[in-house]
Amino acid sequence: MTDELFLDEEAGRLVRPFTVSNGRTRPSTSFDLLTLVMATGVRPVPDLGPDHDLALAMCVRPVPVVEVAARMNLPVAVTKVLLSDLVQHEALTARAPRAVEAASAANRDVLEAVLDGLRARL
């Protein structure tokens, strides 16, 4: 199947997010938004479907869960279910970000610069 079957130029995604996860709302693996996921090189057997394939393709380098969700244009809850399926099939690894990575995200200077930029746009 190709992505063309699931997308319409005007309407957007033709498959509702809950159908992507087969109606499941809870992942079997615990993730937060900054959990880093990365492909292991193992292909899931059986094939899990095009959304799982797309998520796996995005994880050739460590990438946060929130970025995968944004790039797939799916709710984070649905993305977590897809990613947990891939972890269960040993196609992905997941780890919490290092303390240095988390600390840099909370760097006061960076946050103030972002706030200043947002204020300038309003």
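Everything numeric in this text was worked out from a predicted model, so none of it was measured.

Time to look at the confidence of the model for the protein. In the predicted model, the protein carries a mean pLDDT of 77, and the fraction of residues at 70 or more is 70%. For the stretch residues 1–5, pLDDT sits under 50, and the model shows two contacts to residues farther than four places along the chain or on other chains.

Relative to strand 4 (residues 63–64), strand 3 (residues 36–39) runs antiparallel, the two sharing two bridges. Opposite Leu36, over in strand 4, you have Pro64 as the bridge partner. One ladder, built from four bridges, connects strand 3 with strand 5 (residues 92–95); its direction is antiparallel. Residue pairing across strands places Ala39 opposite Leu92, the latter belonging to strand 5.

What follows concerns the nonpolar core. Taken as a class, soluble globular proteins show a tendency for nonpolar side chains to be buried jointly. Judged by nonpolar contacts, the single largest core of 17 residues is most densely connected at Val37, Val68, Met72, Leu83, Leu86 and Leu92. Broken down by secondary-structure element, the contributors of at least two residues to this core are helix 2 (50–57), helix 3 (65–72) and helix 4 (76–88). Apart from residues no more than four positions distant in its own chain, Leu86 is found in contact with Pro44, Leu48, His52, Ala55, Leu56, Ala91 and Leu92.

Conventions we followed
- Residues numbered from 1 in each chain as written.
- Predicted model: local features only at pLDDT ≥ 70, side-chain atom pairs only at ≥ 80, totals over all residues.
- Heavy atoms only, no water.
- pLDDT = per-residue confidence, 0-100.
- Contact = heavy atoms within 4.5 Å.
- Pairing = 2+ DSSP bridges.
- Helix = DSSP H or I, 4+ residues; strand = E, 2+ residues; numbered from the N terminus.
- Core = buried A, V, L, I, M, F, W, Y, C linked by side-chain atoms within 4.5 Å.
- Buried < 20%, exposed > 50% of the residue type's maximum accessible area, 1.4 Å probe, protein only.

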